[in-house]
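Below are the chains, spelled out letter by letter.
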Amino acid sequence: MLNYNPFYSANANNMKKSEIREILKLTGKPGLISFAGGLPAPDMFPVQEIEEISGYVLEKEGKKILQYGTTEGCQPLREELLKLMEKEGIHLTLDQLFIITSSQQGLDLVAKIFIDPGDIVLCEKPTYVGAIQAFHSYRACMHGIEMDDDGIKTDALEEEIKRLAGQSKHPKYIYIIPDFQNPSGITLTLPRRKALIALAEKYDLLIIEDSPYRQLRFEGESEPPLISLNSDRVLSIYTFSKILLPGFRLGWMAGPTELIQKAIVAKQAVDLCAPPYTQAIIAEFMKRGLLEKQIDKIIAAYKAKRNYMLNCLDKYLSHIPGIKWTEPKGGLFLWITLPEGLDATAMFMKAVEKNVAYVMGCAFDPEGTDRSTMRLNFSFATMDEIDQGIQRLANVIDESM
Ligand SMILES: Cc1ncc(COP(=O)(O)O)c(C=O)c1O
């Protein structure tokens, strides 16, 4: 495929194929155990409840929910979400929240309303590949800031902001995934959250908080969402994909009224509205108190899988000198750093030959140069597959040493 085509717009010429989507094609190989995708466990989907509620809402208000809806989204769902946000310590009014066609659309809308070609976005390094893709397609320049076990290094972030100021450059926003980050699994600590907000205030910056995994905490206390620490400077994006199901493609965005109203106008041109039918189903699901139960069920299942994967890593990989991995307290992913000299990108095809797949770290690096890391998903594979898959991965690494 051509990388450059004079008929395309400059934005289209800047669009990059998602490595993960390409990799997911390979993971269809029979017998392959995939830790690559960010897929929820399908046996968690509440198929029967959704079937029953679908019939119920169709019978009750079929003529309304099969029609176009408002761009803001269906009001009963937004009201349920206000209550959910309230429990998280986020106090919002209806005009500060609207329904998006999942968080990937939220990322696109954010870029659409803030980014002019060449604008700078500060983000964690590594960061979510879909955000890199969305922001790049509006020709943003992403500057990745190193992380440690406490999340983004706020000292390094401030240095970068100052360095850019020295060149009369002002970043458009800071993009952050504070809880059980994709890909690293790391959670931003409270002191770092406060430092981040303080930097945003000091240097007049906006924060985009992407929170798909926040509610999937396996242990310990939640840290406050960034938006609850400063509701004027933070735009938050949430999704039903990981806490319920991704197939409805529904999420929500919350933040200052003015920014939300702008994002709604941007969404009008994209798809007019998110599907009213599936919104009605989730609103009813939430009204019946089923979402909390669903989240509890998912937490129990993923916690067991996280524990199992960590045990398998200890069992099969800990003999490798210099290897390390994160131990996330929630979410779907953990992150392996290989010993020096090993190359996760070069090793990938060998892994596929041995019927195991991961995502190489370079996909999550805004500069695309990181070769020493890989992301493993623990929500999708069964326990047996986790054991087998980690053994295969250990073989691949051993052979590459
Ligand atoms: C950090 C982050 N943001 C956004 C998304 C997009 O999810 P969705 O569009 O299904 O809500 C994902 C998906 O894995 C993600 O990890």
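Look a little higher up for the structure.
**Q** Give a description of the overall build of the chain that names residues and reports values.
**A** What the chain contains, in helices and strands, is 14 helices and 14 strands. Since a compact globule built from 401 residues should have a radius of gyration of about 21 Å, the 21 Å found for the chain is in line with a globular shape. Viewed in the frame of its principal axes, the chain has a C-alpha envelope of about 60 × 55 × 50 Å. Here the chain holds 401 residues, and 57% of them are scored as buried. Taking the intrachain contacts of the chain between residues at least 6 apart in sequence as the baseline, contacts between residues at least 24 apart amount to 75%. Accessible area of the chain: about 17,400 Å², with a carbon and sulfur share of 52%.

**Q** Could you give an account of the sheet that holds strand E8 (residues 234-239), naming the residues involved and the relevant values?
**A** An order of E2-E9-E8-E7-E6-E3-E4-E5 is seen for the eight strands of this open sheet, with the pairing classed as mixed. Each edge of the sheet is formed by a strand with only one pairing partner; in this case those strands are strand E2 (97-100) and strand E5 (151-152). Against the sheet, helix H7 (residues 154-166) contacts strand E3 (120-125), strand E4 (141-148), E5 and strand E6 (173-176), and its axis sits at roughly 150° relative to E4.

**Q** Could you give an account of the packing of aromatic side chains, naming the residues involved and the relevant values?
**A** To describe a pair of aromatic rings, you give the distance between the ring centres and the angle between the ring planes. Taken as a whole, this structure holds nine aromatic pairs when the rule is applied. The interplanar angle of 90° and the centroid separation of 5.5 Å between the aromatic rings of Phe348 and Tyr358 together place this pair among those described as edge-to-face. Within this pair, whereas Phe348 is found in helix H13 (residues 344-353), its partner Tyr358 is found in the loop between strand E12 (356-357) and strand E13 (359-360), the two being separated by ten residues in sequence. Grouping residues by exposure puts Phe348 and Tyr358 together as buried. Through successive ring pairs, a cluster of aromatic residues spans Phe114, Phe135, Tyr173 and Tyr175.

**Q** So, the packing of helix H4 (residues 75-87) against helix H11 (residues 276-287): which residues are in play, and what are the values?
**A** One can describe the packing of H4 onto H11 by two numbers: an axis separation of 8 Å at closest approach and a directional angle of 45°. Here H11 runs oblique to H4, going by the angle between their axes. Along this stretch, H4 crosses H11, giving a crossing that reads as left-handed. Contact residues: Pro76, Leu77, Glu80, Leu81 and Leu84 in H4; Gln279, Ile282, Ala283, Met286 and Lys287 in H11. Partitioning the contact of H4 with H11 into residue classes produces seven nonpolar, one polar and two charged.

**Q** Give me the nonpolar core: which residues, what numbers.
**A** Within soluble globular proteins, side chains that are nonpolar generally end up buried alongside one another. Core analysis: the largest hydrophobic core is formed by 107 residues, its most contacted members being Phe240, Leu317, Ile336 and Leu376. At 13 residues, the largest contribution of residues to this core is made by helix H12 (residues 290-317).

**Q** Give a description of the layout of surface pockets that names residues and reports values.
**A** Counted as a void, the largest pocket has a volume near 580 Å³. Every residue lining the largest pocket is counted, 28 residues in all, and those nearest its centre are Arg21, Gly38, Gln104, Tyr128 and Lys242. When contributions to the lining of the largest pocket are tallied by element, the ones reaching two or more residues are helix H2 (19-26), helix H5 (103-114) and helix H6 (129-136). Looking at the second largest pocket, its volume works out to about 430 Å³. Breaking the lining of the second largest pocket down by element, the ones donating at least two residues are E4, strand E10 (324-325) and strand E11 (333-337). Looking at which element gives the most residues to the lining of the second largest pocket, the answer is E4, with three residues.

**Q** Would you mind going over the pairing of E6 in detail, with residue names and values included?
**A** Remark: a regular strand shows side chains that alternate across the two faces of the sheet. Residues of E6 alternate between two faces, with Tyr173 and Tyr175 on one and Ile174 and Ile176 on the opposite face, all of them buried. Two strands pair when backbone bridges link them, and E3 and E6 are joined in this way by three bridges, in the parallel orientation. Among the inter-strand pairings, Cys123 is bridged to a residue of E6, identified as Tyr175. For E6 and strand E7 (residues 206-210), the ladder comprises four bridges, and the chain directions are parallel. Across the sheet, residue Ile176 finds its bridge partner in E7, namely Glu209. A crossover connection joins E6 to the parallel E7 through helix H8 (residues 190-202); in handedness this β-α-β unit is right-handed.

**Q** Explain the site of the ligand residue by residue, including any values.
**A** Surrounding the ligand, one finds 13 residues, the nearest of these being Ser103, Asp210, Tyr213, Thr239 and Ser241. Within the side chain of Asn182, a nitrogen or oxygen atom sits 2.7 Å from an oxygen atom of the ligand. In this structure, an oxygen atom belonging to the ligand sits 2.7 Å away from a side-chain N or O atom of Thr239. Against a free-state accessible area of 400 Å², the protein chains account for coverage of 93% of the ligand. Put simply, the ligand lies in the largest pocket. Taken together, the residues of the shell around the ligand sort by class into four nonpolar, six polar and three charged.

**Q** Please give an account of the sheet that holds E11 that cites residues and values.
**A** What the four strands build is an open sheet, ordered E10-E11-E14-E13; its pairing is antiparallel. Two strands lie at the open edges of the sheet, namely E10 and E13, each paired on one side alone. Sheet topology places E11 next to strand E14 (residues 373-377); five bridges connect them, and they run antiparallel. From the neighbouring strand, Phe333 faces E14, where its bridge partner is Asn377. Against the sheet, H12 engages E10, E11 and E14, with an angle of about 20° to E11.

What counts, and where the lines are drawn
- Residues numbered from 1 in each chain as written.
- Predicted model: local features only at pLDDT ≥ 70, side-chain atom pairs only at ≥ 80, totals over all residues.
- Heavy atoms only, no water.
- Helix = DSSP H or I, 4+ residues; strand = E, 2+ residues; numbered from the N terminus.
- Rg over C-alpha atoms; globule rule 2.2 N^0.38 Å.
- Buried < 20%, exposed > 50% of the residue type's maximum accessible area, 1.4 Å probe, protein only.
- Contact = heavy atoms within 4.5 Å.
- Areas by Shrake-Rupley, 256 points an atom, 1.4 Å probe, with all protein chains shown as cover.
- Pairing = 2+ DSSP bridges.
- Axes fitted to C-alpha atoms, helices over the stretch in contact; angles between N-to-C directions.
- Phe/Tyr/Trp six-rings, centres within 6.5 Å; stacked < 30°, edge-to-face > 60°.
- Parallel < 35°, antiparallel > 145°, perpendicular 65-115°, else oblique.
- Left-handed = near helix turned anticlockwise from the far one by under 90°.
- Nonpolar A, V, L, I, M, F, W, Y, C, P; charged D, E, K, R; others polar.
- Core = buried A, V, L, I, M, F, W, Y, C linked by side-chain atoms within 4.5 Å.
- 1 Å grid on protein atoms, 1.4 Å probe; cavity = no way out; pocket = protein on both sides within 12 Å on 5 of 7 lines; lining within 4 Å.
- Points joined across faces, edges and corners; volume = space filled by probe spheres on them.
- Right-handed = clockwise from strand over helix to strand, strands pointing away.
- Near = heavy atom within 4 Å.
- Polar contact = N/O pair within 3.5 Å; in protein donor to acceptor, adjacent residues only side chain to side chain.
- Sits in = over half its atoms within 2 Å of the grid points.

Read these as layout, nothing more, since geometry by itself doesn't imply function.
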